[in-house]
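Here is how the chains run, residue by residue.
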Amino acid sequence: MQVDFVGDAGIDVLLDADHRVWGQHPTTSVPLLGTPVGMQPTAAIQVAWMNKKIGTVDHVDVAALHNGREIAFRLEWSAATESSDVSDNNSFPDAAAIALPVSPDAPIITMGAPGQPVNAWYWRADEPQGARQLSAEGLGTSLTFDQRVIQGRGSWKQGRWRVVLARALRVESESPVAELIPGTATGFGVAIWDGANGERGGIKAFSGNWLPLELQAASGERNA
Amino acid sequence: MGRQLAMVMDLNKCIGCQTCTIACKRLWTRDEGMEYMWWNTVNTQPGRGTPRDWEQSGGGFRKGVPKPGALPTRREFGDAWEYNHDEVFFGEKGPKAHLQVKGEKPDWGPNWDEDQGDGDYPNSYYFYLPRICNHCTHPACLEACPRKAIEKNAENGIVTVNEDRCRGYRFCMEACPYKKIYFNETKKVSQKCIFCFPRIEQGVANACARQCPGRVRFVGYRDDENAPIYKLVEKWKVAVPLHPEYETEPNVFYVPPIAPPRYDENGDIDESSPRIPEEYLVSLFGPPVIEALATLHDEMAKARDGQKSELMDLLIAYKWKEMFGGFDKDPATIEWVKS
């Protein structure tokens, strides 16, 4: 997927999921799969989900743009109900995340491995105006290390979520953060949680192996 | 493995006054998001309990394999009713306003079926069952958590939720067969009984135990051979865990209840069968409850005959502070540190 350079779009434009700039650039339909029940990190979760559908969202429309300073992903998917509150013990919020490799060989299927972290940007419908930055080095190890660097905006209209996750291209952090440099390529992954189906944690729909992510050079020319 | 703290509750002494419940509530669950939480509950048995029908809600293990469990709703826990205090006290409506629950009329509460019990007059029966987290040796909550957010203290066996790691997924709540994990919707984390560890660390017994006017609760390490827990659980074997078939190995034990004798149709005392059916007690505490009851009857008879009974002396708890396995310091000595 190409991340087009839109030099004149400020961060407020990028964070507006309904802004026309998003319609002027291609969107990629990414098919999603439920995470395998055998890979759930505890036996209790495996038993509980043995005969239940994991990952009810089967695809997500993804677009990404950068303006030389910030990069934004727009995720759009169908959700018959808006699950955005946690007001009872059995209600779970819809959620979405982008995963990026910190080291090029970090495995995405296991959310990283010891010494090979994966960086994730995580948005949840019960906190629609914000997002968390996480790192993980294996299943069940994700750790929120930042709640300010990633900007998130989400809204549900007529059966569809539109969520934007954005970050400065260059960030300095002691925690494992993915590098995103215009004119270079990396990989990305997407995950969507259907709160109405009780999806949370490792129970989610995900995009499988790393998908290619090419950041157009800030000059606007195609990568060499 | 380190030591394990435990509690024994003598059901023959519990009068259902809920002082334990309130002691816990005032100390630990007064913050926002905790309104519906009662880490300590006392319910009438037979009864549906708190949360409603928790004994039929799954969780725990069967032959070592986790058993799927339910997520009880706030309403099933009994919720925290809101009252029209403003209207009654400040609404200037005089006798026209009556104290009542705001909104929809509740159909359940944390002590809804109090004193109903079972059986037919004159042989009806019930008893009170106080419950806290069992701080299990094989905690289903801890094993279910994908984030390793639940910890069992290596030195004392107390099971706690690390709220920094918890993300509110509630797999623990599903897994706990005793339904003693609560979700805090404000903090978005799971919370539970902490066995009053900040008191324990300073040599002070749990609030529920120390405040009990009936001297129901014994506290201490399971391996302390000179203290009541060891004597009641291991030596006399009169204290048994609740629902051992859930396979979590609870560390709260109960001295089973003995009701007054039955009456026959002529109104005469009928001692051929107990008032509380044995099969009911077996359904709660497993087959070892039969032996425990037999021992209690034998020792009660001995005491009635004027003989010495170590067990009866222990259960009567002549010396209150000896119930606490060395955790007998005055709570006024606690140095509270606000975080």
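Structure first, text after, so check above.
These numbers come from a predicted model, not from an experiment. (Residues numbered from 1 in each chain as written. Chains lettered and ligands numbered in written order. Predicted model: local features only at pLDDT ≥ 70, side-chain atom pairs only at ≥ 80, totals over all residues. Heavy atoms only, no water.)

Colleague: Before we move on, can you summarise the packing of helix α9 (residues 278–285) of chain B against helix α10 (residues 288–304) of chain B with the specific residues and values?
Modeller: Residues and elements named next belong to chain B. Axis separation between α9 and α10 bottoms out at 8 Å; the angle between their running directions is 120 degrees. If you check the angle between α9 and α10, you find them oblique. When α9 is examined against α10, the residues Glu278, Leu281, Val282 and Phe285 are found in contact with a partner set consisting of Pro288, Val289, Ile290 and Leu293. The class makeup of the residues in the contact of α9 with α10 is seven nonpolar, no polar and one charged. (Axes fitted to C-alpha atoms, helices over the stretch in contact; angles between N-to-C directions. Helix = DSSP H or I, 4+ residues; strand = E, 2+ residues; numbered from the N terminus. Parallel < 35°, antiparallel > 145°, perpendicular 65-115°, else oblique. Contact = heavy atoms within 4.5 Å. Nonpolar A, V, L, I, M, F, W, Y, C, P; charged D, E, K, R; others polar.)

Colleague: Can you explain the side chain of B:Thr160? Please cite residues and give values.
Modeller: All names here are of chain B. Structurally, Thr160 is set in strand β7 (residues 159–161). The exposure class assigned to Thr160 is buried, which follows from its relative accessible area of 16%. Setting aside its immediate chain neighbours within four residues, Thr160 contacts Ala149, Ile150, Glu151, Lys192, Ile194 and Phe197. (Buried < 20%, exposed > 50% of the residue type's maximum accessible area, 1.4 Å probe, protein only.)

Colleague: Can you lay out the pattern of salt bridges for me, pointing to particular residues and giving the numbers?
Modeller: Applying the stated criterion across every chain, the model contains 25 salt bridges over all chains. Among the ionic pairs, B:Glu104 bridges to B:Arg75, the shortest N-O distance being 3.3 Å. Residue B:Glu104 is found in the loop between α3 (85–90) and β5 (127–131), and its partner B:Arg75 is found in helix α2 (residues 74–77); the two are separated by 29 residues along the sequence. The class for B:Arg75 is partly exposed, based on a relative accessible area of 38%. Among the charged side chains, a salt-bridge network with shared partners connects A:Asp18, A:Asp61, A:Arg74, A:Glu76, A:Lys157, A:Arg160 and A:Arg162. (Salt bridge = Lys/Arg side-chain N within 4 Å of Asp/Glu carboxyl O.)

Colleague: Give a description of α9(B) that names residues and reports values.
Modeller: Residue and element names in this part refer to chain B. Within α9, the full set of buried residues consists of Tyr280, Leu281, Leu284 and Phe285. Down the axis, α9 shows its buried residues gathered within 110 degrees of arc, on one side only. Positive phi appears at Gly286, one or two residues downstream of α9, with a value of about 80 degrees. (Arc of directions from axis to C-beta.)

Colleague: Tell me about the packing of aromatic side chains, and name the residues and values.
Modeller: Evaluated as defined, the whole model comprises 21 aromatic pairs over all chains. Here the aromatic rings of B:Tyr169 and B:Phe171 are separated by 6.2 Å at their centres, their planes lie at 70 degrees, and the arrangement is edge-to-face. Clustering of aromatic rings is evident, with ring pairs tying together A:Phe73, A:Trp121 and A:Phe188. Here the basic side chain of A:Lys52 rests over the ring of A:Trp49, its NZ or CZ set 4.4 Å away from the ring centre. When the ring centre of B:Trp38 is taken as origin, the NZ or CZ atom of B:Lys25, which lies over that ring, is 4.9 Å away. (Phe/Tyr/Trp six-rings, centres within 6.5 Å; stacked < 30°, edge-to-face > 60°. Lys NZ or Arg CZ within 6 Å of the ring centre and 35° of its normal.)

Function cannot be inferred from these measures alone, as they are strictly geometric.
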